[in-house]
Amino acid sequence: MSGDEKRFKAAFDSLHAFSYFAPEVDAALTGIGLRPGRMPYFASRSAAMGAVGPEVVAATFYNFNPEVVARVIPRAWTLATPEQVLDARLEGVDQALTRLLGDHVKSDEVAEAAELAREASDGCTGEGRPLYAAHAGLAWPGEPHLVLWHAITLLREHRGDGHIAALLLNGLSGLDALVTHVATGRGFATAPAKLTRGWSDEQWAAAEAALTGRGILDAEGGLTEAGTAVRAAVEIATESAARAPWLHLGAERTARLEELCRGLSRRIVQAGAFPDGVFRRPLS
């Protein structure tokens, strides 16, 4: 994992990713008719693109098992419209951030971070970035803590779209990307990676065998020298594709935004934003 990626995950990523674990978001989405389980995640993250089919969701989310996506999409759109899903998602995020940050949700630090993050997102472009572009087309919320969440969402999806391009360029499928990421020893542990992304033990083992045959993994499932080089190339390309918002914001204001968001990330993690055992290392 590159230094830039470490900084992004520690300072910014949890300020979006908590929404996939927050009970308030799940309750808001099931409250409009979505079925409990995987459906709220797939529907809420893809709703900005409209009532798309499972092929589009699997393609843009990349490392999820397409079979799992197809079990809930497009059925979700028969239960709630994309517009209803987006409204419910934002309502749940509002409630979750209010709980996680407490009185600090109305602080000057949140307002300053929101302003800087929104400015950074102005440096993003949509060419070749479908998830970012879809979210960039949504209206901005009014409250600073929601502006911050939406801006971080834009930055995260912009980065993620570029990351997928880097994975394709370096010959890693969605499952290959997940297996090799776990093999780095950072981020997801193996069991949560399989569970949350919907891959069976057999599919995972087949991917490991294929990657071993390519010289990417060793016999113990760790990265070989070649595998380490491939992951490094992916991260270099990802960082190169993700520079625009930070160049737009400038070094001094980027450092200030990182400082603010690192503190806010620490607050929500300490408040229980993520369940134990999902990540091998803390997000902040």
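Reading the values: the criteria
Residues numbered from 1 in each chain as written. Predicted model: local features only at pLDDT ≥ 70, side-chain atom pairs only at ≥ 80, totals over all residues. Heavy atoms only, no water. Buried < 20%, exposed > 50% of the residue type's maximum accessible area, 1.4 Å probe, protein only. Helix = DSSP H or I, 4+ residues; strand = E, 2+ residues; numbered from the N terminus. Arc of directions from axis to C-beta. Contact = heavy atoms within 4.5 Å. Salt bridge = Lys/Arg side-chain N within 4 Å of Asp/Glu carboxyl O. Core = buried A, V, L, I, M, F, W, Y, C linked by side-chain atoms within 4.5 Å. Lys, Arg positive; Asp, Glu negative; His and termini not counted. Polar contact = N/O pair within 3.5 Å; in protein donor to acceptor, adjacent residues only side chain to side chain. Phe/Tyr/Trp six-rings, centres within 6.5 Å; stacked < 30°, edge-to-face > 60°. Lys NZ or Arg CZ within 6 Å of the ring centre and 35° of its normal.

J.: Sorry if this is basic, but what is going on with helix 2 (residues 23–31) here?
T.: Within helix 2, burial applies to E24, V25, A28 and L29. Seen along its axis, helix 2 keeps its buried residues to an arc of 130°; they face one direction. Away from its buried face, by an angle of more than 90 degrees, helix 2 presents the exposed residues P23 and G31. Check the buried side of helix 2 and you find it contacts helix 3 (39–46) and helix 7 (82–101). Downstream of helix 2 by a residue or two, G33 has a phi angle that is positive, lying close to 120°.

J.: Please clarify how the pattern of salt bridges should be interpreted in this entry.
T.: A side chain of one charge can pair with a side chain of the opposite charge when the charged atoms of the two come close. Tallied over the entire structure, the rule returns 12 salt bridges. Where D13 meets R156, a salt bridge forms, and the shortest distance between an N and an O atom there is 2.6 Å. Highlighted residues: D13 in helix 1 (residues 3–17) and R156 in helix 10 (residues 144–169), separated in sequence by 143 residues. The exposure class of D13 is buried, given its relative accessible area of 8%. Of the charged contacts in the structure, one is a salt bridge between R214 and D176, with a shortest N-O distance of 3.4 Å. Taken together, the positions of R214 in the loop between helix 13 (201–213) and helix 14 (225–241) and D176 in helix 11 (residues 174–183) put the pair 38 residues apart, joining distant regions of the chain.

J.: Sorry, what's going on with the nonpolar core here?
T.: Soluble globular proteins tend to pack their nonpolar side chains together in the buried interior. One finds F18, F42, I73 and L257 to be the most contacted residues of the largest nonpolar core, which totals 65 residues. With residues near it in sequence (within four places) discarded, L257 still touches F12, A113, L116, A117, W246 and L249.

J.: What should I look at first to understand the side chain of R89 in this one?
T.: As for its position among the elements, R89 is in helix 7. Of the side chains with opposite charge, E157 lies nearest to the buried R89, which makes no salt bridge, at 5.3 Å. There is a polar contact of 3.4 Å between the side chain of R89 and the backbone oxygen of S44. Sequence-distant contacts of R89, that is, excluding residues within four places in its chain, are made with H16, Y20, V25, L29, S44, R45, H135 and W149.

J.: Teacher, can you tell me more about the packing of aromatic side chains here?
T.: Enumeration according to the criterion identifies 9 aromatic pairs in this entry. An angle of 70° between the planes, with centres 5.3 Å apart, marks the rings of Y41 and F42 as edge-to-face. Side by side, Y41 and F42 carry an identical accessibility label, which is buried. Relative to F61, the ring of F42 lies with its centre 5.9 Å away and its plane at 25°, an arrangement referred to as stacked. Note that F42 is positioned in helix 3 and F61 in helix 4 (residues 54–61), a separation of 19 residues in sequence. Each member of the pair, F42 together with F61, is buried. Among the aromatic residues, those joined into a cluster by ring pairs are Y20, Y41, F42, F61 and F64. Over the face of the ring belonging to F61 we find R45, whose NZ or CZ atom lies 4.4 Å from the ring centre. Here the guanidinium or amino end of R118 rests over the ring plane of W140, the centre of that ring lying 4.2 Å away.

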